[in-house]
Amino acid sequence: MKNLLPYCALLFVLSCSPTKLRFERPVNTTSRPISIQDKKQFAYPESDVVFSNDFDGARLNGVIQENDSTYRLRITPENIPINNSAYYAFKIKSTKAQNLYLQFDYPPPYTHRYVPKINRGNGWTVAAGEFINTIDGRTQLKLTKVSGTVLVSAQELQNSGHVAQWAEAQQAKNSMIDFKSIGESTLGRPIWVMDIQQGNAKGKPVIVFFTRQHPPEVTGYLAFKAFMEELLSKTDLSDDFFDQYHILAFPLVNPDGVDLGHWRHNAGGVDTNRDWSKYRQPETRAIVKYIEKTLRKEKANLVLGLDFHSTWYDVFYTNKERQSTPFPNFLDQWFSALEARIPNYKVNEKASNSTQPVSKGWLLYGHNAVGVTYEIGDETPRDSIQLIGQTSAKALMEILVEEKQ
Ligand SMILES: [Zn+2]
């Protein structure tokens, strides 16, 4: 009996480590340094203007006053190299109504990407064309009649507090949802899951949803929210769907990156969507461990996963290989349904088998599951995002409920 102990301990360790995968083009996802932005107020009392980055999800690294009404705003990434997702978010306060000119200043080669979203305390608006121009190669935003507090952000601010509030509201309406922390990020923020099941989970196929691996990709998160709300709509279809499938939704994969106002990476300075083979980062490790533990406990298979992101335009990145998955025809049926139901909508699909360790590849190579990177355009109108999110959820439930019968 004594001699068996080390063997059991080894078995225990093995069974708890997530299964590592090999990809054609591996990526080194060992943590690298990031520069932390100073949280502060940039005050210009003579002009009655204060800028601040003192909130979760803010990004403003420096301010230079050019004249009474013009300010140059320095926005820098957490580390380099990094792709051009020049995210910013800050507050401006003034007690008198005044016009301000804000120039966005990024280190080369980075350029302005996101059309400013503005919140004067009564919801978000998109800065209109007449208020944006270019001065000395820098994008300039004209803000008229600034009084009180105005929030200016690359995308609608959605930090960890907003995500928790939304998930808790869903849980309060729906007893199927177990919203909980399954681990911690580098800086100690919770990694959340919404574990959603009804009845007996034994042997039930598992479906996973991820979002916010990349902090500025708020439009993907907005689609995720609309998608989840449709799944949780308590219709007969939704009831049938949850009778047959067990859902694990991860509403904020990269909480440090989101709250630090990062352009792309986590607090380890790493793109978590290149870490789906070795799980060197705490976020991917906690998530994969939780999924694998659930599959073992319920003797279930992972059959499908969607990872919600944003890019320049709407696109679904899919795997070419489908025959080995449980639903070889799912994507064709799903995309046809979207085109049939959304007016003037053409699905933009790009199919290729992942060569780098991204979630879509992990779903296919690790689990033979259908994997999709569900990308929404940065500036896709918000009502369209709502419609695409809802319609894609409804069609997914219809196709998958049908498949099982
Ligand atoms: Zn992304």
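Residues numbered from 1 in each chain as written. Predicted model: local features only at pLDDT ≥ 70, side-chain atom pairs only at ≥ 80, totals over all residues. Heavy atoms only, no water.

**Observations regarding the overall build of the chain**
Helix and strand counts for the chain stand at nine helices and 17 strands. Taken over C-alpha atoms, the radius of gyration comes to 23 Å for the chain, in line with the 22 Å a tight globule of 405 residues would show. Along the first, second and third principal axes, the C-alpha set of the chain runs to 75 × 60 × 40 Å. Taking all 405 residues of the chain together, the buried fraction comes to 57%. The contacts in the chain between residues at least 6 apart in sequence include a share of 77% that link residues at least 24 apart. (Helix = DSSP H or I, 4+ residues; strand = E, 2+ residues; numbered from the N terminus. Rg over C-alpha atoms; globule rule 2.2 N^0.38 Å. Buried < 20%, exposed > 50% of the residue type's maximum accessible area, 1.4 Å probe, protein only. Contact = heavy atoms within 4.5 Å.)

**Here we look at the pairing of strand β12 (residues 206-211)**
Of all six residues in β12, six are buried, a share of seventy percent or more. Burial of the side chains of β12 extends over both faces: Val-206, Val-208 and Phe-210 are buried on one face and Ile-207, Phe-209 and Thr-211 on the other. With five bridges connecting them, β12 and strand β13 (residues 246-250) associate as parallel partners. From the neighbouring strand, Val-206 faces β13, where its bridge partner is His-246. With six bridges connecting them, β12 and strand β14 (residues 302-311) associate as parallel partners. Residue pairing in the sheet places Val-206 in a bridge with Leu-302 of β14. (Pairing = 2+ DSSP bridges.)

**Some details on the domain arrangement of the chain**
Each assigned domain of the chain is listed with its residue range as follows: domain 1 (41-153) and domain 2 (160-404). A C-alpha centroid distance of 32 Å is found between domain 1 and domain 2. In this complex, domain 1 contributes 23 residues to the contact, which on the side of domain 2 involves 18 residues. Across the domain 1/domain 2 interface, buried area totals approximately 1,600 Å², and carbon plus sulfur atoms make up 53% of it. When the buried surface of domain 1 facing domain 2 is broken down by residue, Glu-78, Tyr-87 and Arg-113 rank first, second and third, together holding 33% of it. For the pair domain 1 and domain 2, the interface holds two salt bridges. Between Asp-378 and Arg-113 there is a salt bridge, with its nearest N and O atoms 2.8 Å apart. Connecting domain 1 to domain 2 are 11 residue pairs in polar contact (both at pLDDT 80 or more). When its residues are assigned to classes, the side of domain 1 that touches domain 2 shows 12 nonpolar, six polar and five charged. (Domains from an automatic or database assignment. Buried area = accessible area lost by both parts, 1.4 Å probe. Salt bridge = Lys/Arg side-chain N within 4 Å of Asp/Glu carboxyl O. Polar contact = N/O pair within 3.5 Å; in protein donor to acceptor, adjacent residues only side chain to side chain. Nonpolar A, V, L, I, M, F, W, Y, C, P; charged D, E, K, R; others polar.)

**Points about the sheet that holds β14**
Pairing in this open sheet of eight strands is mixed, and the strands run β10-β11-β13-β12-β14-β17-β15-β16 from one edge to the other. One side of each edge strand has no neighbouring strand; the edge strands of this open sheet are β10 (177-184) and β16 (349-351). Ignoring strand direction, the axes of neighbouring strands in this sheet form an average angle of 20°. Direction of pairing for β10 relative to strand β11 (residues 190-196): antiparallel, over a ladder of seven bridges. Across the sheet, Gly-183 pairs through a bridge with Ile-191, a residue of β11. Contacting β10, β11, β12, β13 and β14, helix α6 (residues 282-298) crosses the sheet at an angle of about 175° to β13. Sitting on the sheet, helix α7 (residues 330-341) touches β14, β15 (315-318), β16 and β17 (370-377), and the angle it makes with β15 is about 175°. (Axes fitted to C-alpha atoms, helices over the stretch in contact; angles between N-to-C directions.)

**Comments concerning α6**
Its 17 residues place the ends of α6 24 Å apart at the C-alpha level, agreeing with the 24 Å of an ideal helix rising 1.5 Å per residue. Of all 17 residues in α6, 12 are buried, a share of seventy percent or more. Of the positions making up α6, those classed as buried are Pro-282, Glu-283, Thr-284, Ala-286, Ile-287, Val-288, Tyr-290, Ile-291, Glu-292, Thr-294, Leu-295 and Glu-298. Backbone geometry just after α6 places Lys-299 at a positive phi near 45°. (Expected span 1.5 Å × (residues − 1).)

**Some points on the coordination of the zinc ion**
Taken together, the protein ligands of the zinc ion are His-214 (ND1), Glu-217 (OE), Glu-217 (OE) and His-309 (ND1), with distances of 2.1 to 2.5 Å. The sequence motif formed by the donor residues of the zinc ion is H-x2-E-x91-H. Residue Glu-217 is located in the loop between β12 and α3 (218-231), and its partner His-309 is located in strand β14; the two are separated by 92 residues in the primary sequence. With relative accessibility at 8%, the residue Glu-217 sits in the buried group. Residue classification places His-309 among the buried residues on the basis of a relative accessible area of 2%. (Donors = N, O, S within 2.8 Å, 3.2 Å for Na, K, Ca; no water.)

**As for the packing of aromatic side chains**
Aromatic ring pairs are defined here through the distance separating the ring centres and the angle between the ring planes. Counted by the stated rule, this structure contains 30 aromatic pairs. With a centroid separation of 6.5 Å and an interplanar angle of 80°, the aromatic rings of Trp-166 and Tyr-221 are classed as edge-to-face. With Trp-166 in helix α2 (residues 160-173) and Tyr-221 in helix α3, the pair connects residues that are 55 residues apart, well separated along the chain. For the pair Trp-166 and Tyr-221, one class covers both residues: buried. Members of the aromatic cluster, connected to one another through ring pairs, are Trp-166, Phe-209, Tyr-221, Phe-224, Phe-227, Phe-308, Phe-316, Phe-330, Trp-334, Phe-335 and Tyr-374. (Phe/Tyr/Trp six-rings, centres within 6.5 Å; stacked < 30°, edge-to-face > 60°.)

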